[in-house]
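Now for the letters of each chain:
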Amino acid sequence: MTLGTILSYPNNPRTAKSKIAAAYNGLTFDEKSFDLMKDRDAAFYQKFPMGKVPVLEGGEVDLFESNAIGYYALAQKENSPLLGTSPVEKALVIQWMLFADNEISANLSAWMSPLMGYSPYMKPNVDSAIDKVKRAMDALNKVLVDKTYLVGEDITYADICVVTSMVFAYKLLFDKEMRSQYKNVTRYFNTVIGKKHFKEHLGQVQLCETPLKYVPPKKEKKAAGPATTPKKEKKAAAPADDAEEAPKPPPKPKSKLDLLPPSPFIMDEWKRMYSNNDPDVAMKWFWEHHDPEGYSLWKVDYKYNDELTLVFMSNNLIGGFFARLEMARKYAFGSLVVCGKNNDNTISGYFLIRGQEVPFEVYDAADFGSYNFTKIEPSQYEEKKDEIYKYMAWENEGFADGKIFK
Ligand SMILES: N[C@@H](CCC(=O)N[C@@H](CS)C(=O)NCC(=O)O)C(=O)O
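To keep things clear, this report deals only with the structure shown in the data block. Just so we're clear, the structure is a prediction, and the values are computed from it rather than from any experiment.

Thoughts on the sheet that holds strand β9 (residues 399-405)
At step 1: Taken in spatial order, the five strands line up as β8-β5-β7-β6-β9 in an open sheet, and their pairing is antiparallel. Lying at the two open borders of the sheet, with one neighbouring strand each, are β8 (371-376) and β9. Put simply, the sheet's adjacent strands are angled 20 degrees from each other on average, direction ignored.
At step 2: Examined bridge by bridge, strand β5 (residues 295-302) and β8 share six bridges and lie antiparallel to one another. Looking at the pairing, tryptophan 298 lines up with lysine 375 of β8.
At step 3: Its contacts with the sheet put helix α11 (residues 267-276) on β5, β6 (332-341), β7 (344-354) and β9, and the angle it makes with β6 is roughly 40 degrees.

Spelled out as structure tokens, the structure:
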């Protein structure tokens, strides 16, 4: 009997998790291929407000969160042993289900996504994710030293969740050397994926030979004209470029910044002024129109300058940060530059931001934590004017490359 249709892209281990759970209960889910780039229309968001897959369109309930979908399949049978046969076992099953999501899946995703180009590569973030995955693997390896399964003596939902959460890791990241560091986990993983229902829904899991590595993107072509003329910079890939392809986003919540008292300084006007004039003219306009009550100025410094390598990679980091600042576009303007040379460079710059604090629209960006934002008080403007000019005109000493957030 089918419990409904799971929508997801093909071969998603989270879908396999739900289907394996159903199979252990003699049930099935149908599956319909779903393209995240094209199929997320308003009706989809209406039903599934997170906008993520897999989701279940069920006869009696629509569900998101793959754990819930698998649980729903197991809960069809009263006292399913796969959910634990005692309060202790039930709690342990939940423990491992949460461990799989929070300690494995989330950190694996933070490790893999930048390597696959799904999110900007920030070395400190990826390194931190790798450490967290290793910490989880260490813990699991200890637990599995004398166990075949995580709870009791047979497969439970704990194993279904933990094993499916590691599928991409074993396929794409854990090479032979890494597997040997976690021998108990590897033995366990191989045992479980050899089971009938796992084989049916995961197929043959090809263990990783060469782990995914970060491959820096090719250097962007610079716009014609002198490097120090930011106004001639090619427009960063604006969302409008992708507008035809982009799925319809859910309605945006209003920003708190829209509730601030109106400011005579019009951000769009400043952006046009900056884009269409020489820095001398633009900066003169800026200081004549700047509204220190409605806007604040911030010096921005990358925290890990000593880890930067090639200039173009540093500039790509800036691009990645700006891509994550999409929500702030209406409220902020910034210039970040790379100064120095390959293997000896820094990222720094200035931001103009609506309001007096770093707002949610900026601090929510994944890469925000890699930068120090230091507020420049109005009393410091005179002393900083020359420096700010240089950052906006890209005339800093040692200037190598830069990007404008506008
Ligand atoms: N906790 C969720 C995670 C779902 C999830 O992250 N899905 C990814 C694909 S595997 C997705 O839809 N991402 C699209 C997005 O983040 O917009 C679950 O287990 O179902």
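After that view of the structure, there is still more to cover.
Concerning the nonpolar core
What tends to happen in soluble globular proteins is that the nonpolar side chains get buried as a cluster.
At step 1: In terms of nonpolar packing, the biggest core is built from 51 residues, with Trp111, Leu140, Val162 and Met166 touching the most fellow members.
At step 2: Only α1 (13-24), α4 (87-115), α5 (123-143), α6 (157-165), α7 (167-173), α9 (183-193) and α10 (196-202) provide two or more residues apiece to this core.
At step 3: Residue contributions to this core peak at 10 residues, all from α4.
At step 4: In this structure, this core is formed jointly by two domains, domain 1 (2-74) and domain 2 (81-202), each of which donates at least three residues.
At step 5: For tryptophan 111, the residues in contact, after removing those within four places along its chain, are Val126, Ala129, Ile130, Val133, Leu173, Phe174 and Met178.
At step 6: Trp270, Phe333, Ile376 and Met392 belong to the second-largest nonpolar core, a separate cluster that totals 26 residues.

Rules behind the numbers
- Residues numbered from 1 in each chain as written.
- Predicted model: local features only at pLDDT ≥ 70, side-chain atom pairs only at ≥ 80, totals over all residues.
- Heavy atoms only, no water.
- Pairing = 2+ DSSP bridges.
- Helix = DSSP H or I, 4+ residues; strand = E, 2+ residues; numbered from the N terminus.
- Axes fitted to C-alpha atoms, helices over the stretch in contact; angles between N-to-C directions.
- Contact = heavy atoms within 4.5 Å.
- Core = buried A, V, L, I, M, F, W, Y, C linked by side-chain atoms within 4.5 Å.
- Buried < 20%, exposed > 50% of the residue type's maximum accessible area, 1.4 Å probe, protein only.
- Domains from an automatic or database assignment.

Any functional reading would require information beyond the geometric quantities listed.
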